[in-house]
Amino acid sequence: MGPLLVEFSRQGINKETLAALVELAQESELPDAVEAQFRGDRINTTEDRAVLHTALRTPAHERPASDADAIEREQRRMLDFAEALRLGERVGHTGRLIRTLVHIGIGGSYLGPRLVCEALASPPGRRPPDIRFLANVDGHAIARSLAGLDPETTFFAVVSKSFGTEETLANAAAARSWLLERTLQPAALAHHFAAITANVAAAREFGIARDACFPMWDWVGGRFSVWSAVGLPLAVRIGRQGFADFLGGAHRMDRHFRSAPVERNAPMLLALAGLLNANFRGASSHAVLAYDMRLRRLPDYLQQLEMESNGKSVRTDGEASAVHTAPVIWGGEETNGQHAFHQLLHQGTRAVSADLVAVVNPAHRHAEQHERLLAHCLAQGEALERGDNAEDPHRRTPGNRPTTTILLDELTPHALGALLALYEHKVFCAGRLLQVNSFDQWGVELGKRLAPPVKQALATGVVQPETDPTTAALLDAIRARRSRK
Ligand code: F6P
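Here goes a summary of the coordinates provided. (Residues numbered from 1 in each chain as written. Predicted model: local features only at pLDDT ≥ 70, side-chain atom pairs only at ≥ 80, totals over all residues. Heavy atoms only, no water.)

Some words on the overall build of the protein chain
Step number 1: Looking only at helices and strands, the protein chain features 16 helices and 10 strands.
Step number 2: A globule of 485 residues ought to have a C-alpha radius of gyration of about 23 Å, and the protein chain, at 24 Å, matches this closely.
Step number 3: A principal-axis box enclosing the C-alpha atoms of the protein chain has dimensions of 70 × 60 × 50 Å.
Step number 4: Across the 485 residues in the protein chain, those meeting the buried criterion constitute 49%.
Step number 5: When the accessible surface of the protein chain is summed, it comes to about 22,900 Å², and 51% of that surface belongs to carbon and sulfur atoms. (Helix = DSSP H or I, 4+ residues; strand = E, 2+ residues; numbered from the N terminus. Rg over C-alpha atoms; globule rule 2.2 N^0.38 Å. Buried < 20%, exposed > 50% of the residue type's maximum accessible area, 1.4 Å probe, protein only. Areas by Shrake-Rupley, 256 points an atom, 1.4 Å probe, with all protein chains shown as cover.)

Some points on the sheet that holds strand E7 (residues 285-291)
Step number 1: Strand order in the open sheet formed by five strands is E1-E10-E9-E7-E8, with mixed pairing between adjacent strands. Sheet topology places strand E1 (4-7) and strand E8 (328-333) at the edges, where each strand pairs with a single neighbour. Direction aside, the axes of adjacent strands within the sheet are offset by 15 degrees on average.
Step number 2: When strand E9 (residues 352-359) meets strand E10 (residues 403-408), the two strands line up parallel, connected through six bridges. (Pairing = 2+ DSSP bridges. Axes fitted to C-alpha atoms, helices over the stretch in contact; angles between N-to-C directions.)

Focus: the sheet that holds strand E2 (residues 100-104)
Step number 1: Taken in spatial order, the five strands of this open sheet run E3-E2-E4-E5-E6, and their pairing is parallel. What marks the edges here is a single partner per strand, and that holds for strand E3 (130-134) and strand E6 (213-215). Direction aside, the axes of adjacent strands within the sheet are offset by 20 degrees on average.
Step number 2: In this structure, strand E4 (residues 154-159) lies alongside strand E5 (residues 193-197), joined through four bridges in parallel fashion.

Quick look at helix H14 (residues 413-434)
Step number 1: Taking 1.5 Å of rise per residue, the 22 residues of H14 would be expected to cover 32 Å, and the 32 Å separating its terminal C-alpha atoms lies within 8% of that figure.
Step number 2: The buried fraction of H14 is high, at 20 of 22 residues.
Step number 3: Positive phi appears at Gln 435, one or two residues downstream of H14, with a value of about 60 degrees. (Expected span 1.5 Å × (residues − 1).)

Considering the packing of aromatic side chains
Step number 1: By the definition in use, this model includes 15 aromatic pairs.
Step number 2: Over the ring of Trp 227 we find Arg 57; its NZ or CZ atom is 4.5 Å from the centre of that ring.
Step number 3: For the cation-ring pair, Arg 176 lies above Phe 206, with the distance from its terminal atom to the ring centre recorded as 4.1 Å. (Phe/Tyr/Trp six-rings, centres within 6.5 Å; stacked < 30°, edge-to-face > 60°. Lys NZ or Arg CZ within 6 Å of the ring centre and 35° of its normal.)

Observations concerning the side chain of His 256
Step number 1: Locating His 256 in the fold gives a position in helix H9 (residues 232-259).
Step number 2: Among the residues examined, His 256 registers a relative accessible area of 16% and is labelled buried.
Step number 3: If near-sequence neighbours (up to four positions away) are discounted, His 256 is found in contact with Met 1, Arg 264, Asn 265, Ala 266 and Pro 267. (Contact = heavy atoms within 4.5 Å.)

Considering the packing of H9 against H14
A pair of packed helices can be characterised by two numbers: the angle between their axes and the separation between those axes.
Step number 1: As a packed pair, H9 and H14 sit with axes 7 Å apart at the nearest point and diverge in direction by 40 degrees. Here H9 lies oblique to H14, going by the angle between them. Helix-helix and strand crossings are classified by hand; for H9 and H14 the assignment is right-handed. Residues Ile 238, Gly 242, Asp 245, Phe 246, Gly 248, Gly 249, Ala 250, Arg 252, Met 253, Asp 254 and Phe 257 of H9 lie in contact with H14, whose contacting residues are Pro 413, His 414, Leu 416, Gly 417, Ala 418, Leu 420, Ala 421, Leu 422, His 425, Phe 428 and Cys 429.
Step number 2: Among the residues making up the contact of H9 with H14, the classes are represented as 13 nonpolar, six polar and three charged. (Parallel < 35°, antiparallel > 145°, perpendicular 65-115°, else oblique. Left-handed = near helix turned anticlockwise from the far one by under 90°. Nonpolar A, V, L, I, M, F, W, Y, C, P; charged D, E, K, R; others polar.)

What follows is the structure, given as structure tokens:
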């Protein structure tokens, strides 16, 4: 598919199995479900929302959404803003150039932007502001993010669809105090903060200027939002044309997804293979092995994409799922992983499936290193498939570990856009085959509800009688240890 090669032959799927998988896809009405998504049907049933992130990368004249004009207008506004930051036309409150952009957000408001910003290089010419990411509500994280920064040359982008996420709001408030304590000018806020959110009212209340608020749409889920204004840091890094190429690569994958028959449809085949591996071949988890350090954030990004989307036990009809849903996704940067966890991939008691992702033509001149890296990628796939029937049982490796190899011609915005869209569609298809709603995430709510009373107990030292006994004991232990200091 265009800038990607998706090689399935190491999935061990023969003609009969392929025919059965294609039949399963047809029985699940997968091709119709794809069209329902692109049409804007409200397929996120538990939240009664359409799922139309694909509209953000569809050329303007083909856009289905009723918001087509607004998408166009807001995309242009975000790109103008990013370009002004990149080119030094938008300056701080004292007129100095912005040297650092700190992106504050978590989950889908962080993982995609971080992956793409680390993967893609700025075009030659003017050096854009450095980009730092602040996600976790850990004081060490904000201390590191702000270390060495000058408030006159620092810009903050607060990214939160809800503008209600505790971690993001706490970090944004700390960043605001940091700025105001040092500048002593409330008016500085307007020059140093932007918000990307579906809740503009909350962003305005926080103090962010109206012209620095950019929308996230109701019909774009957080983990599918890198194509929206959430991609602002990427636009700052690679510029207007680079961002357009990124969207273009994803759109190219969308076209493939909508038109290719199941047996040649890369996202559908990835999803079908995943289902087979988790449910019929005992794969306990799925590893994403990035044979290019620029893609080292890919496993983190895919963890949220797949596990938050399809890590469910209840189907859309309210019945319990009778099959394994999303696998645990994990992975690493290779060849480091080969010297760490590949032992388990080769000889562990439970099978693990894997994607091996590599780039054919690198962006450096160390050809020797690159050929070695590529050779290891191909050899690992071969070893995992072939195994070794050695006489010594300690040296024996069973093989038959299913893998997919994905090759990118080069790591360009276009190719990366296509790669991320490939995985988005894979996750959608897997959800459809599993009959779960891939677009909600109710499971994360309980922990959010339980945290505030614990925080209150930490602050006051008063543990309410209904507190869970282990939580109460841990609170006591924390108090005792603090009082000893
Ligand atoms: O808690 C999970 C979650 O809602 C993710 O789905 C989302 O990407 C993340 O939190 C951040 O949410 P927001 O963009 O609203 O801050």
